[in-house]
Amino acid sequence: MANDRILNERYRLQPELGKGSFGVTYLAEDIKKPNQPQCVIKQLQLSTLVGLDKEEAKRRFEKEAETLNKLGKHDRIPQLWNYFIEDDELYLVQEFIDGQDLSKEISPDQRWSEGQVIGLLYDVLEILKFIQQQNPPIIHRDINPKNLIQRESDRRIVLIDFGAVKEIIETSKDETELTLPFGTGDYRAEEQKNGKPCLQSDIYGLGKTALFALTGNSPRKLNCLPNGCVIWPEEIEVSNSLKQIIDKMVQRESSDRYATAAEALEELAPLHKIGETVDGYTLKAIWEGEEFSQTYLAYKYNNPNDAYIVKGIIPQALEQRQSDLGEQEIIYIKKSNYHEVQDIFKPKILLKYFSYPVNSKIAWLVIILASILGGISIKIPPKTPSPIQPEIPSHITTNPSPSEPPNIVDKILDCFEDVPNVPNPKDLRPDSLFNYGHSSTFVTVRKSIEKKIKEHFPYFRLKYIEKTKYAPDPKPGSTTGIMMLLNGELDIGQSSRPLKDKERERAKTVGGYKLKERAVAKDFIAIAVNPSLGITQLTLKEIKDIYTGKITNWQKLGGPDLKITPYSRSLEASGLVQYFVENILKGKFNWDPLNSEIETKDEIVESFENTVIEVHDTTDAMQKLENDRGGIYYGSAALIIPQCTVKSLSLGIESGTYTNPYEGAAVHRDHCNDKNKNKVNLAIEQNGVYPSKLIYELYVIIKANGGIVQQAGEAYANLLLTEQGQQSLKEAGLIRIRPPKTDPKECLIPPDASG
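Residues numbered from 1 in each chain as written. Predicted model: local features only at pLDDT ≥ 70, side-chain atom pairs only at ≥ 80, totals over all residues. Heavy atoms only, no water.

J.: Which parts of the structure should I look at to understand the overall build of the protein chain?
T.: Per the secondary structure count, the protein chain includes 19 helices and 31 strands. Within the protein chain, buried positions represent 53% of all 755 residues. Counted over contacts in the protein chain with a minimum sequence separation of 6, partners at least 24 positions apart contribute 66%. With the model as given, the accessible surface of the protein chain reaches about 34,900 Å², and the carbon-plus-sulfur share is 47%. (Helix = DSSP H or I, 4+ residues; strand = E, 2+ residues; numbered from the N terminus. Buried < 20%, exposed > 50% of the residue type's maximum accessible area, 1.4 Å probe, protein only. Contact = heavy atoms within 4.5 Å. Areas by Shrake-Rupley, 256 points an atom, 1.4 Å probe, with all protein chains shown as cover.)

Printed below as a string of structure tokens:
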């Protein structure tokens with residue numbers, strides 16, 4: 001095919017980029033777009049396909065093009081621009097990635113440092129996590145250095161060659177050869193050779209690529225153990241932590257590798273600080289790695305058009321080397337192709353030293369540029385008698401360690417203003433909002449505490465999200481909120497039950513982060529009935545019998561001959577309902593967070609579901625009880641007790657030992673108003689008579705992703721756990737989780753709070 005030929009009346013072919021058994025790849029220009037941008041055209045020659053109907057090949061070609069179009073939404077997968085058929089040949093048109101593939105970047109004389117390889121693993125695992133989350137999951141099948149391009153503009157890794165050709169060619173071979181053409185030599189896993197690729201096959205190819213980057217040699221030149229692990233050459237200096245990760249990636253048996261890319265990302269997390277915010281700069285990718293430092297590409301306010309370089313320096317190593325370095329310069333070389341924009345982006349240089357707290361291992365040097373596209377020379381200051389001890393802004397966050405998260409405050413602080421690491425303007429864009437919700441028990445908190453948070457920290461803006469976009473008529477509740485958190489609709493969760501193992505697992509495997517819960521208050525379950533019902537008290541057993549259908553008439557409990565109507569919120573949506581069913585009714589069920597449904601349930605749960613009439617929320621239940629003399633409802637005491645249209649019952653473990661849920665006498669509805677309401681008996685836990693199983697904790701759910709969202713979640717929890725926050729929770733009708741301080745200081749009132 002002539003290189004000056006124009007395809008589809010718009011693509012002018014340029015030199016060949018590569019040629020294989022089934023087609024050719026060309027560089028081309030799109031002459032119908034402004035500036036005629038370059039693109040890549042892959043031609044599939046149907047004449048090379050043996051034993052496959054051409055119409056079937058075309059159908060599969062179009063289906064694969066749809067998949068590529070979906071994958072191209074990822075920033076580091078080339079976008080599919082077009083696909084067409086011309087002269088009985090199939091063509092894919094994809095975005096051109098300006099950069100070099102790793103086979104050209106790496107050699108025995110030009111090996112990559114450990115920091116660079118960590119960046120490589122992070123970038124590619126992020127892409128693999130994305131394609132593994134597709135429905136159905138997608139396997140690349142050919143992860144190797146030639147299919148990984150280091151993008152010229154920001155040095156990040158782009159994954160190429162998903163090729164529709166592969167899907168089509170598979171069907172042109174018999175079963176024994178299904179995937180034998182796919183996968184490249186040393187980078188192809190054992191199961192691929194047997195025609196059974198899996199998600200772990202891509203992880204294997206990436207692990208072998210990491211070995212190539214560290215050693216500069218083909219993996220076949222490395223000695224390996226029978227299980228596939230490499231015998232590390234002595235001259236390769238790499239930490240044991242990274243060795244263990246790579247060893248697990250290249251295990252011979254797929255079951256011994258990481259199950260998903262998300263799982264591998266979690267293991268990699270302690271080795272980098274990507275996602276962390278340093279002095280307002282969010283670290284996005286490793287720019288380069290050196291013996292005594294790591295340098296990151298960073299975005300101000302997470303804006304890709306506002307890019308910077310942030311260097312992390314290990315103080316101990318730097319101190320040891322400074323005597324050798326003296327005035328030595330570290331140079332960021334401006335590459336030749338940047339000269340056209342040099343006059344536009346005038347470099348501005350500001351050097352700032354700051355470090356993490358005393359026990360930190362890394363100090364930071366921020367090199368602030370108008371753009372990363374300019375060259376810059378930085379001098380390391382000469383060694384001084386004492387180590388650099390810079391100030392650290394209080395809002396800087398660090399990746400939390402599992403055993404001792406740095407942003408969790410264990411001691412009781414007095415006031416909101418004492419809480420460290422609350423996101424501030426340096427961390428946030430002016431329009432930044434943190435979405436939160438969703439336990440209905442926190443309704444009273446939204447009316448009180450969050451107003452005070454806004455007064456003290458006007459830039460820490462919280463937005464309550466009531467409805468999920470994934471359901472037309474969502475039911476409020478903790479479980480709904482956790483699902484919204486997992487789906488990315490919430491940044492901070494509120495829950496009336498602890499996290500379930502499957503929810504934690506989904507966060508790890510699908511989202512690549514951890515969910516953490518922090519208890520901030522307590523509440524108790526109150527039982528409400530119509531005020532005219534001649535019943536004043538119940539035992540736990542009687543409550544259980546009512547809600548499993550064993551007692552259906554109030555007469556059996558000493559009341560009128562009246563049918564009992566048990567009301568309840570949704571078991572699927574409400575954390576409190578799930579707590580009630582598991583702890584009071586002793587029912588068992590398995591919750592599937594991936595599909596937001598109950599997988600299995602026992603007879604007690606089935607009896608419960610067959611007995612109750614579902615209500616939307618507590619307000620709906622109060623309205624029904626007002627008009628239903630035989631109705632009964634359980635829910636948050638903080639929401640039910642203040643209501644004057646219903647009556648809350650005294651409860652006990654057994655007959656004769658009951659506790660009044662009200663503080664003092666109940667207020668009659670005729671005398672009830674905003675200044676004269678029923679009050680919750682907050683001392684109910686102390687008397688030891690009220691059934692302890694009816695008392696439950698309230699949690700803030702934190703998305704521990706190492707970035708600004710984690711910082712916001714931990715700050716929100718820490719604010720609620722201050723003496724000021726705990727007292728405000730008490731005023732909202734909730735039980736303190738922490739004992740009161742004997743001599744708290746007086747908290748500041750913001751200047752404009754009164755207005």
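Now that the structure is up, let's keep going.
J.: Which parts of the structure should I look at to understand the side chain of Gln43?
T.: Here Gln43 lies in strand β4 (residues 38-44). Taking the relative accessible area as the measure of exposure, Gln43 reaches 6% and is therefore buried. One polar contact links Gln43 to Tyr91, side chain to side chain, over a distance of 3.4 Å. (Polar contact = N/O pair within 3.5 Å; in protein donor to acceptor, adjacent residues only side chain to side chain.)

J.: Would you mind going over helix α18 (residues 708-720) with me for this structure?
T.: Residues three or four positions apart in an α-helix share a direction because the helix packs 3.6 residues into each turn. The end-to-end C-alpha distance of α18, which contains 13 residues, comes to 19 Å, matching closely the 18 Å that a straight helix rising 1.5 Å per residue would cover. Of all 13 residues that make up α18, 13 are buried, and the element is covered over most of its length. (Expected span 1.5 Å × (residues − 1).)

J.: How should the state of the cysteines be read in this particular structure?
T.: Taken as a whole, this structure holds two disulfides when the rule is applied. One disulfide bridge connects Cys415 with Cys747, the sulfur atoms lying 2.0 Å from each other. Torsion about the S-S bond of the Cys415 and Cys747 cystine: about -90 degrees, corresponding to left-handed handedness. With Cys415 in the loop between β17 (376-379) and β18 (434-438) and Cys747 in the segment after β31 (735-736), this pair connects stretches of sequence that are 332 residues apart. When the bonded cysteines of the protein chain are numbered from the N-terminus onward, they pair as 1-4, 2-3. The cysteine Cys224 is free of any disulfide, with Cys229 supplying the nearest cysteine sulfur at 8.3 Å. Since its relative accessible area comes to 36%, Cys224 is described here as partly exposed. (Disulfide = S-S within 2.5 Å.)

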